[in-house]
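The primary structure of each chain is shown beneath.
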Amino acid sequence: MHAGPVVDRATDGSGDDLDGVLDAVGPRLKALRQQRGATLAQLSEATGISVSTLSRLESGQRRPTLELLLPLAKAHAVALDELVGAPATGDPRVHLRPQRAHGRTVVPLTRQPGGLQAWKIVMAPEPDRTPEGDGLKVHEGWEWFYVLAGKVRLVLGEHDLVLREGEVAEFDTRTPHWFHNPGPGPAELLSLFGPQGERMHVRARTRRD
C-alpha cells in the first residue's frame, strides 16, 4: 500500500520555521519580565516554576512547552500567542493589545523579541503611592521615556524628579528606580526599553528665539 508522499522537514523549511519561533520565546519572556521589574524569584513564586527552569527558558537552554507557557502568559497578563506568535510576513501592522499591570494600562507598540521594546503606559493618579511602599526596582537594561500627558514622578538613585508633558528621562535600569503618577489627572508616557548598554538617541532641532 502506498503511504503517500514523505515530507523531509530538513528541506521544506517548516522545521527551521518552528525552531525560529521557539528560539524567540526566551528573549520575549526576559523582556516582559524586565519591563515589569520582576525578578526570577518573584516570577517563580507567581507561576510555581523553579528559578533554574525560568532562567534556562529565558536563555534558550530549555525548550518552551505549553505546560510552562500557560502560567507565564497568565503571570505576564498577555495572551499565549503574544509569547510564541509573530506578525504575518509582509504585514507591518502591530495589533495592539492593552495589558493591565500594577494598576497601569500598558500597550505594547513592538512585537520583535529581544532588542528594543516600545510601550505606551497610561497611569491613573495615585497621590498616596510611595517608593517606600512599592520598593525601588533594579534590573538589566536601559530605559528612555517621554511624558505625553500629565506628570510622572521619577525616583532614580538619589534623585527625586517630577517630569511634565514633553520632558524626557533616560537611565540605566541597574540604578534603583521607581515612577508613578502623583496626579491630579491621568498621565501617559512612551517608554523605550533596550538591553544593557543600548542607548536611545533623539535628534532635535534647536529652536532659536
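On a predicted model such as this, the values are computed, not experimentally measured, just so you know.

Caption draft 1: Representation of the layout of surface pockets within the structure. Considered as a void within the structure, the largest pocket measures approximately 420 Å³ in volume. If you go around the largest pocket, you meet 18 residues; those closest to its centre are Gln35, Arg36, His102, Arg104 and Phe179. Elements supplying a minimum of two residues to the lining of the largest pocket: α2 (14-35), β2 (104-108) and β8 (177-180). Here the lining of the largest pocket takes three residues from β8, the largest share from any one element. Among the residues forming the lining of the largest pocket, the class breakdown is five nonpolar, seven polar and six charged. Of the voids in this model, the second largest pocket is the one considered here, and its volume is about 220 Å³. Along its surface, the second largest pocket is lined by 13 residues, and Arg36, Ala38, Ala75, His76 and His102 are the ones closest to its centre. Its residues assigned to classes, the lining of the second largest pocket comprises six nonpolar, four polar and three charged.

Caption draft 2: Structural view of a nonpolar patch on the surface. Together, Leu66, Leu70 and Leu80 make up a nonpolar patch on the protein surface, roughly 260 Å² of accessible area in all. Along the polypeptide, leucine 66 turns up in helix α5 (residues 66-76).

Criteria and cut-off values
Residues numbered from 1 in each chain as written. Predicted model: local features only at pLDDT ≥ 70, side-chain atom pairs only at ≥ 80, totals over all residues. Heavy atoms only, no water. 1 Å grid on protein atoms, 1.4 Å probe; cavity = no way out; pocket = protein on both sides within 12 Å on 5 of 7 lines; lining within 4 Å. Points joined across faces, edges and corners; volume = space filled by probe spheres on them. Helix = DSSP H or I, 4+ residues; strand = E, 2+ residues; numbered from the N terminus. Nonpolar A, V, L, I, M, F, W, Y, C, P; charged D, E, K, R; others polar. Patch = residues over 30% accessible without salt bridge, like charges linked within 9 Å, V, L, I, M, F, W, Y side chains within 5 Å. Areas by Shrake-Rupley, 256 points an atom, 1.4 Å probe, with all protein chains shown as cover. Salt bridge = Lys/Arg side-chain N within 4 Å of Asp/Glu carboxyl O.

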